[in-house]
Amino acid sequence: MVSLSKINFENTYANELNAICERCKPTSFKKSEILFKNYSLAEELGIDRSFLDSDECLGIFSGCIISESSLPIAQAYSGHQYGNFNPQMGDGRAILLGEINKRDVQLKGSGQTPFSKRGDGKSALGPVLREYVISEFMNSVNIPTTRSLLAIKSNESVFRDEEIPGGILTRVANSHVRIGTFEYVSYFKKNNLEALANYVIKRHYPELSETNNKYLSLFAAICDKQSLLISKWMGIGFVHGVMNTDNMLISGETIDYGPCAFLDEYNPSIYYSSIDRHGRYSYKNQPAIMVWNLSKLAEAFIPLIDSNKERAVSKLSEVLNLTMPTYQEYFYIEMGKKFGLKNIDEEVINLINKYMKILEDNNIDYTLSFRDLAKLLSNNKKIDLTVFKNVKDFVGWYNKFINLSSFKKSSKDKISKEMDYYNPCYIPRNHLIEDALKNAVGGDMNEINLIAEILKEPFTEKNEYEKYAMPSFSNERYVTYCGT
Ligand code: AMP
Ligand code: MG
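Note that this is a predicted model, so its numbers are computed, not measured.

I'd like to hear about the side chain of Asp-256, residue by residue, with values.
Turning to its location among the elements, Asp-256 is positioned in the loop between strand S11 (238-239) and strand S12 (261-262). Each residue touching Asp-256, except ones within four places of it in the same chain, is listed here: Lys-108, Arg-171, His-240 and Asn-247.

In structure tokens:
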């Protein structure tokens with residue numbers, strides 16, 4: 001597959017869906033250097049470790065060398081952005097080099113493409129490093145996500161409000177087909193709709209290829225994957241920030257880490273993005289937005305389902321209507337795991353809801369709360385040293401919690417351990433990442449390197465890293481920018 005100095009791309013998208021992509025070449029950044037390289041992901045892809053240290057590697061992923069086997073393309077897509085349809089989008093600053101081991105390998109920030117419009121097709125270094133660290137964290141906590149193979153400093157400037165260092169990310173995904181890809185095809189290239197759907201089935205849902213209603217089953221499978229994904233975002237306290245339909249992958253992986261952030265204190269109404277004026281993409285809105293986005297996918301699917309439009313709509317609606325209940329089920333399973341509980345019943349659901357209310361009313365740090373709860377169970381911490389100190393209602397809640405039937409079948413100690421396997425001690429704390437990125441962009445990678453290391457093992461608490469488990473002490477609301 002991949003030998004020491006040779007890398008082999010397959011190009012199924014370029015070859016099979018050439019009507020909905022454009023051939024193009026990455027810009028070559030001749031002075032670039034690698035800041036992060038991901039040996040374990042390389043291994044998953046079947047790329048030799050030593051290849052990542054080679055000049056050829058830097059050459060390929062900085063756009064200086066085009067591998068013989070690669071047919072680089074930019075993919076066309078549309079998107080509903082903040083609720084408004086934008087038919088003409090596409091990879092304006094990303095180029096797909098091809099697939100390795102069935103996974104897309106894409107350069108983000110590698111210069112203009114036919115879809116760049118007036119943009120420069122480039123990325124600033126800060127957001128490249130941020131995406132590398134956060135996407136790899138998501139993978140460490142088992143949340144489906146695009147991965148990051150390399151973060152490269154281009155050593156050329158990009159011009160935003162000011163001149164700042166540029167970067168290129170090598171992004172790896174099961175594929176980059178988006179809800180917006182279906183919207184594009186349904187809007188401009190209806191004749192290619194079946195080809196796209198068949199491609200997706202072949203690549204992601206091969207078990208559906210022989211079923212009777214394969215396109216309806218495909219729609220249901222995509223809804224299911226999205227529900228699972230969003231339940232996991234909610235569980236970890238992740239606010240994506242820009243859930244436009246062009247940023248939702250059909251494969252059910254998290255993509256686009258521009259304005260995302262993590263909850264510190266539990267506030268379900270929180271949103272961070274500077275351009276999300278009305279909180280459309282707030283933490284608590286994410287499940288409803290997921291369904292909204294899937295309704296746009298359903299519209300694109302209509303011709304695939306039935307030649308009679310009314311019948312098609314009715315079939316798709318039936319599936320769509322099941323999505324929120326499915327999500328709810330996944331959500332409580334996810335939350336149950338956070339409490340070390342496997343059996344979810346009415347009583348457990350009520351207790352979970354009550355717990356969230358206590359967190360919200362008392363501005364308690366979401367992530368720390370689960371670690372502290374586990375410590376209380378194992379008698380490792382007195383309540384006065386936890387986030388629950390002086391919290392009205394908590395003791396009453398706790399007594400109900402430890403009287404659940406799960407505690408009769410298992411022990412407090414065991415449940416405490418299970419909680420710690422499931423609830424990270426370390427998350428990408430907004431304030432820490434921000435400071436570390438400032439240093440990194442200024443040339444000092446020490447802090448961001450350390451954070452990236454800590455986040456590789458987010459469940460293992462280490463005394464010397466206490467600071468990295470702590471929320472910010474500032475009362476100011478954290479704001480993220482769609483850093484490009
Ligand atoms: P995003 O915010 O990454 O989801 O991007 C939204 C759209 O804007 C996508 O179609 C991108 O390709 C495009 N875009 C973002 N930044 C740039 C840029 N610097 N140059 C060209 N296109 C861009
Ligand atoms: Mg995007």
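Lay out the site of ligand 1 in plain terms, naming residues and giving numbers.
Residues in close proximity to ligand 1 total 16 residues, the closest being Gly-90, Gly-92, Arg-93, Gly-121 and Asp-256. Here Gly-90 contributes a backbone N or O atom positioned 2.8 Å from an oxygen atom of ligand 1. Taking Gly-121, its main chain carries an N or O atom lying 2.8 Å from a nitrogen atom of ligand 1. Alone, ligand 1 offers 480 Å² of accessible surface; in the complex the protein occludes 81% of this. Grouping the constituent residues of the shell around ligand 1 by class yields two nonpolar, seven polar and seven charged.

So what's going on with unusual backbone geometry? Residues and values would help.
Although it is not a glycine, Asn-142 sits at a positive phi angle of roughly 60°. Among the structural elements, Asn-142 can be located in the loop between helix H5 (125-140) and strand S9 (147-159). Of note in this structure, Asn-390 is not a glycine but carries a positive phi near 60°. Position of Asn-390 relative to the elements: it lies in the loop between helix H13 (366-377) and helix H14 (394-401). According to the relative accessible area criterion, Asn-390 is exposed, its value standing at 70%.

Tell me about the coordination of the magnesium ion (ligand 2), and name the residues and values.
Bound to the magnesium ion (ligand 2) are the protein donor atoms Asn-247 (OD1) and Asp-256 (OD), situated 2.0 to 2.2 Å from the metal. Considered together, Asn-247 and Asp-256 belong to a single accessibility category, that of buried residues.

Cut-offs applied
- Residues numbered from 1 in each chain as written.
- Chains lettered and ligands numbered in written order.
- Predicted model: local features only at pLDDT ≥ 70, side-chain atom pairs only at ≥ 80, totals over all residues.
- Heavy atoms only, no water.
- Helix = DSSP H or I, 4+ residues; strand = E, 2+ residues; numbered from the N terminus.
- Contact = heavy atoms within 4.5 Å.
- Near = heavy atom within 4 Å.
- Polar contact = N/O pair within 3.5 Å; in protein donor to acceptor, adjacent residues only side chain to side chain.
- Areas by Shrake-Rupley, 256 points an atom, 1.4 Å probe, with all protein chains shown as cover.
- Nonpolar A, V, L, I, M, F, W, Y, C, P; charged D, E, K, R; others polar.
- Buried < 20%, exposed > 50% of the residue type's maximum accessible area, 1.4 Å probe, protein only.
- Donors = N, O, S within 2.8 Å, 3.2 Å for Na, K, Ca; no water.

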